[in-house]
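Structural description and commentary
This is what each chain is made of:
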Amino acid sequence: MPKKLLGKMMVDAAMTLVLLLLMAYSLIGEAAHEWLGAGMLLLLILHHVLNFGWVKSLGKGRYTAVRVFQTALAALVLAAMLGSMLSGIEMSRYVFDFLPIEGGLSLARTVHLLCAYWGFIFMSLHLGIHWSMVMGVFRRMGKRPASKAQRIVLRLAAALIALYGIAAFIRNDIPSYLFLRTHFVFFDYERPLILFFADYLAVMGLFVFLGHAAGQGLRRCGQPKKKGELK
């Protein structure tokens, strides 16, 4: 595997792990949350440095439906991440406490909540639209291609994770945070932390599944019709 591709995958894997940890805000402690947020900022910068070639190509080539979706999603991820980080810096009591920032805490909390949860959704969809590339890398690393039975098992596993993700999405009342029906996140401190991560990993899996499905559908729509096919 090329070193640059390996570096990209390691950074993306680290961002995914840190994102899951950040969603556990009160369960891991405010100081740890801030340090992880600072780490995410560094990872975001590194991610864009490694993918600068994609940024430079934005003004080139034809924009198919899937490319429009992918580009819009990347912009939404960036906007949500920056909003989350800037509002987090404004509220900081540990990492960025030395900055002379005063006031605006109420607005910063609202922006942070919105950006954190929408960023979680957008980043999961973003991962989903690139899932074929991720699986392609793993296939090349394997000694032989997956059998038909293995592919069926993997698809069933993906469907089960997505179904669990729907239940976790509802159980954790995530729509209330996405649409500001409440301004405070509820954490069940009596529930084991591992179950919290299982829920949020499943919700991430749900949106990875949806992003992958959307990307595949848009790619098929963009393919030229074969001769004799109905339009």
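Owing to the predicted nature of the structure, the values given are computational and were not obtained by experimental measurement.

**Side note on the nonpolar core**
Ranked by internal contacts, the top residues of the largest apolar core, which has 40 residues, are Tyr117, Phe120 and Tyr200. Looking at this core, the elements that each hand over two or more residues are helix H1 (3-22), helix H3 (30-50), helix H5 (65-91), helix H6 (105-129), helix H8 (148-171), helix H9 (174-178) and helix H10 (193-222). Apart from the residues lying within four places of it in its own chain, the contact partners of Tyr117 are Met23, Ile174, Tyr177, Leu178, Val185 and Tyr200.

**Points about the environment of Phe187**
With respect to the helices and strands, the residue Phe187 is situated in the loop between H9 and H10. Accessibility expressed as a relative area gives 7% for Phe187, which makes it buried. Distance from Phe187 to Val153, taken between C-alpha atoms, is 34 Å for residues 34 residues apart in sequence. Those residues in contact with Phe187 that lie beyond four places of it in its chain are Met23, Ala24, Tyr25, Ser26, Leu27 and Phe196.

**Focus: the packing of H5 against H6**
Put simply, H5 and H6 touch, their axes get as near as 7 Å, and they point 150 degrees apart. With respect to each other, H5 and H6 are oriented roughly antiparallel. Note on packing geometry: the crossing formed by H5 with H6 is left-handed. Considering only residue class, the contact of H5 with H6 consists of 18 nonpolar, 8 polar and 2 charged.

**Section: a nonpolar patch on the surface**
Among the surface-exposed residues, Leu42, Ile45, Leu46 and Val49 lie close enough to one another that they form a single nonpolar patch of about 390 Å² accessible area. Its location among the elements puts Val49 in helix H3.

**Quick notes on unusual backbone geometry**
At Asp173, a position not held by glycine, the phi torsion is positive, near 55 degrees. For Leu180, which is not a glycine, the phi torsion comes out positive at approximately 55 degrees. As for its placement among the helices and strands, Leu180 is situated in the loop between H9 and H10. A residue is classified by how much of its surface remains accessible, and Leu180, at 24% relative accessible area, is partly exposed.

**With respect to the packing of aromatic side chains**
In total, this model carries 9 aromatic pairs according to the counting rule given. For the pair Phe120 and Tyr200, a centre-to-centre distance of 5.7 Å together with 65 degrees between the ring planes defines the contact as edge-to-face. Linking Phe120 in helix H6 with Tyr200 in helix H10, this pair joins segments that are 80 residues apart in sequence. When the ring centre of Tyr63 is taken as origin, the NZ or CZ atom of Arg67, which lies over that ring, is 3.9 Å away.

**A closer look at the environment of Ser132**
Counting through the fold element by element, Ser132 comes out in helix H7 (residues 131-141). According to the relative accessible area criterion, Ser132 is partly exposed, its value standing at 29%. For the pair formed by Ser132 and Lys8, sequence separation is 124 residues and the distance between their alpha carbons is 15 Å.

Thresholds, definitions, all that
Residues numbered from 1 in each chain as written. Predicted model: local features only at pLDDT ≥ 70, side-chain atom pairs only at ≥ 80, totals over all residues. Heavy atoms only, no water. Core = buried A, V, L, I, M, F, W, Y, C linked by side-chain atoms within 4.5 Å. Buried < 20%, exposed > 50% of the residue type's maximum accessible area, 1.4 Å probe, protein only. Helix = DSSP H or I, 4+ residues; strand = E, 2+ residues; numbered from the N terminus. Contact = heavy atoms within 4.5 Å. Axes fitted to C-alpha atoms, helices over the stretch in contact; angles between N-to-C directions. Parallel < 35°, antiparallel > 145°, perpendicular 65-115°, else oblique. Left-handed = near helix turned anticlockwise from the far one by under 90°. Nonpolar A, V, L, I, M, F, W, Y, C, P; charged D, E, K, R; others polar. Patch = residues over 30% accessible without salt bridge, like charges linked within 9 Å, V, L, I, M, F, W, Y side chains within 5 Å. Areas by Shrake-Rupley, 256 points an atom, 1.4 Å probe, with all protein chains shown as cover. Salt bridge = Lys/Arg side-chain N within 4 Å of Asp/Glu carboxyl O. Phe/Tyr/Trp six-rings, centres within 6.5 Å; stacked < 30°, edge-to-face > 60°. Lys NZ or Arg CZ within 6 Å of the ring centre and 35° of its normal.

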